[in-house]
Amino acid sequence: MGTVTSQPDDTGATTATKTKRVLLAAPRGYCAGVDRAVVAVEKALDLYGPPVYVRKEIVHNKYVVQTLQKRGAIFVDETDEVPEGETVIFSAHGVAPVVHEEAAARQLKTIDATCPLVTKVHHEAKRFAATDYDILLIGHEGHEEVIGTSGEAPEHVTLVDGPDDVPNVTVRDPEKVVWLSQTTLSVDETMETVRRLRERFPHLQDPPSDDICYATQNRQAAVKKLAAEADLMLVVGSRNSSNSVRLVEVAIEHGARAGYLVDYAEEIDEAWLEGVDSVGVSSGASVPEVLVRDVLRWLAERGYGDVQEVTTAEESLTFALPRDLRTDLKAAGLPTTGTSDHAWTI
């Protein structure tokens, strides 16, 4: 679907050709919560020195995790893997209250890098549980964010894993039920899940504000806009990144002939480019821009040098670093603000 131009053939006649192009989604990549979490690990390493322990992956991106490991971060699955008295950082996806209790029992210094938008959902869960509501949490079973949110009120939370799970839902009082959601879901699928839930429970209450985060919504909107013009959609992101996986799904649902998720440019199969004039490119909210630039270079080397940025929103939101870390940085005379952009861009 590239631009059509005319070029003379061997007989002097003109033949139509199509210019290969890249449609680059904007916004893409790092959101405010991811940037905050990555900077928290970087500054903790600078301030306390390695090793600094991180419970779970700080964000769901292979490159970010490996880069921080090289600097001295040690990623563990559970709190009891951290030696007593050491520093542990909780990931952007949030943790259940029991994890804080476990850390306190081991006398660990904790830095909570939970995204503030995830923390908002935690507060909503506690608030509705306190008034004895049944909470229908829309999300993917086993995802760290879902585990953390459910842990705030396990006796009140029922997981609803997509529209097809709605028939399995039971509640105590259909007049006291509310839905909340994981922050990184497909907007369209979540609204379909809510529609089906409301058919069963007409008094279903909405959360006070959108639970799906601004970055997830903005990246999906950008992909929707360019998918109709893209023969192929490439999303840069890791396979355990929910919001990255959703971008591929959204692209296919809105017109892209094919879509793939890749961590690195070298994972792209040249066979995917056969018959392709327009390539859409985006990246998940935990992906540094350097990886996108690598993909653009890879495509340019194969004739896709015309890059057209498709902008659907402007983002300027930033979050302050975790309070305990800011306090220690201030005491050491170090900056309490910053961005990780210098570490990832070229």
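Every chain is numbered on its own, with residues counted from 1 as its sequence reads. Owing to the predicted nature of the model, reporting of local features is limited to residues with pLDDT of at least 70; listing and counting of side-chain atom pairs is limited to 80 or more, with chain, interface and lining totals taken over all residues. Neither water nor hydrogens contribute to the side-chain values; these are computed over all heavy atoms in the structure.

- The name that an unreviewed UniProt entry assigns to the protein is 4-hydroxy-3-methylbut-2-enyl diphosphate reductase, with the source organism given as Kribbella pratensis.

Describing the UniProt feature "binding site: [4Fe-4S] cluster" (unreviewed entry) in the protein
Logical step 1: UniProt positions are given in the numbering used here, feature names are shortened, and annotations may be inferred rather than shown by experiment. The positions UniProt marks with the feature "binding site: [4Fe-4S] cluster" (unreviewed entry) are Cys 31, Cys 115 and Cys 213. The greatest C-alpha distance among the residues just named is 10.1 Å, despite their covering 183 residues of sequence, which places them together in space.
Logical step 2: The classification of residues rests on relative accessible area computed with a 1.4 Å probe and restricted to protein chains. Under 20% of the type maximum is buried, over 50% is exposed, and intermediate values are partly exposed. A relative accessible area of 10% means that Cys 115 is categorised as buried.
Logical step 3: Contacts: residue pairs with any heavy atoms within 4.5 Å of one another. If sequence neighbours within four positions are ignored, Cys 115 has contacts with Gly 33, Arg 36, Ala 92 and Phe 319.
Logical step 4: As for its position among the elements, Cys 213 is in the loop between helix H6 (187-200) and helix H7 (214-227).
Logical step 5: Excluding its chain neighbours within four sequence positions, the residues that come into contact with Cys 213 are Leu 117 and Thr 183. To qualify as a helix, a DSSP run of H or I must reach at least 4 residues; to qualify as a strand, a run of E must reach at least 2; elements of each kind are numbered from the N terminus.

Section: the pairing of strand S10 (residues 177-181)
Logical step 1: Across the 5 residues of S10, 5 count as buried, placing the element largely inside the fold.
Logical step 2: Alternating positions in S10 separate into two faces, Val 177, Trp 179 and Ser 181 on one and Val 178 and Leu 180 on the other, with burial throughout.
Logical step 3: Here 5 bridges tie strand S8 (residues 134-138) to S10, and the two strands are oriented parallel to one another. Residue Asp 134 lies in a different strand from S10, and its bridge partner there is Val 177. We treat two strands as partners when DSSP finds at least two bridges between them.

Some words on the pattern of salt bridges
Logical step 1: The salt bridge definition used is simple: a Lys or Arg side-chain nitrogen within 4 Å of an Asp or Glu carboxyl oxygen. What the rule picks out here adds up to 27 salt bridges.
Logical step 2: One salt bridge connects Glu 199 with Arg 195, and the closest N-O pair in it is separated by 2.6 Å. Here the residue Glu 199 and the residue Arg 195 both occupy positions in helix H6, the gap between them amounting to 4 residues, near one helical turn.
Logical step 3: Under the relative-accessibility criterion, Glu 199 is labelled exposed at 56%.

Digging into unusual backbone geometry
Most of the time, phi is negative for any residue but glycine, and the peptide bond is trans.
Logical step 1: Across the junction of Ala 26 and Pro 27, the peptide omega takes the value 5°, indicating a cis bond.
Logical step 2: With an omega of 0°, the peptide bond between Pro 50 and Pro 51 qualifies as cis.
Logical step 3: Relative to the elements of secondary structure, Pro 51 occurs in the loop between helix H1 (32-48) and strand S4 (52-55).
Logical step 4: Phi angles above zero are rare outside glycine, and Lys 56 is one such case at about 65°.
Logical step 5: With respect to the secondary-structure elements, Lys 56 resides in the loop between S4 and helix H2 (62-71).

Examining helix H4 (residues 116-130)
Logical step 1: Compared with an ideal rise of 1.5 Å per residue, which puts 15 residues at 21 Å, H4 spans 21 Å between its outermost C-alpha atoms and is within 8% of the ideal.
Logical step 2: Within the span of H4, buried status applies to Val 118, Val 121, His 122, Glu 124, Ala 125, Phe 128 and Ala 129. The buried residues of H4 occupy an angular sector of 160° when projected down its axis, which confines them to one face.
Logical step 3: Where H4 is buried, its residues meet S8, helix H5 (144-150) and S10.
Logical step 4: One or two steps after H4, the chain reaches Asp 132, where phi turns positive at roughly 65°. By definition here, a helix of n residues has an expected span of 1.5 Å times n minus one. The arc in question is the one spanned by the directions pointing from the helix axis to the C-beta atoms.

Some thoughts on the sheet that holds strand S3 (residues 21-26)
Logical step 1: With respect to topology, 5 strands assemble into an open sheet ordered S12-S11-S13-S3-S14, the strand pairing being parallel. Among the strands making up the open sheet, the edge pair consists of strand S12 (258-262) and strand S14 (306-311). Neighbour to neighbour, the strand axes of the sheet diverge by 25° on average, direction disregarded.
Logical step 2: With 5 bridges joining them, strand S11 (residues 232-236) and strand S13 (residues 278-283) adopt parallel strand pairing. When the bridges of S13 are listed, Val 236 appears paired with Ser 283.
Logical step 3: The sheet strands contacting helix H9 (residues 289-300) are S3, S11, S13 and S14, and the helix crosses S13 at an angle near 165°. For every element, the axis is a line fit to its C-alpha atoms; helices are fit only across the contacting stretch, and the angle between N-to-C directions ranges from 0 to 180 degrees.

Points about the packing of H7 against helix H8 (residues 242-253)
Logical step 1: With their axes 9 Å apart at the nearest point, H7 and H8 run at an angle of 25° to one another. Here H7 lies roughly parallel to H8, going by the angle between them. Pair H7 / H8 crosses with right-handed handedness. Here Thr 216, Arg 219, Gln 220, Val 223, Lys 224 and Ala 227 of H7 lie close against H8, whose contacting residues are Asn 243, Arg 246, Leu 247, Val 250 and Ala 251.
Logical step 2: Charged means Asp, Glu, Lys or Arg here, nonpolar means Ala, Val, Leu, Ile, Met, Phe, Trp, Tyr, Cys or Pro, and polar covers whatever is left, Gly included. Partitioning the contact of H7 with H8 into residue classes produces 5 nonpolar, 3 polar and 3 charged. Angle categories: roughly parallel below 35 degrees, roughly antiparallel above 145, roughly perpendicular from 65 to 115, and oblique for all the rest. Rotating anticlockwise by less than a right angle from the far helix to the near helix defines a left-handed crossing, while the corresponding clockwise rotation defines a right-handed one.

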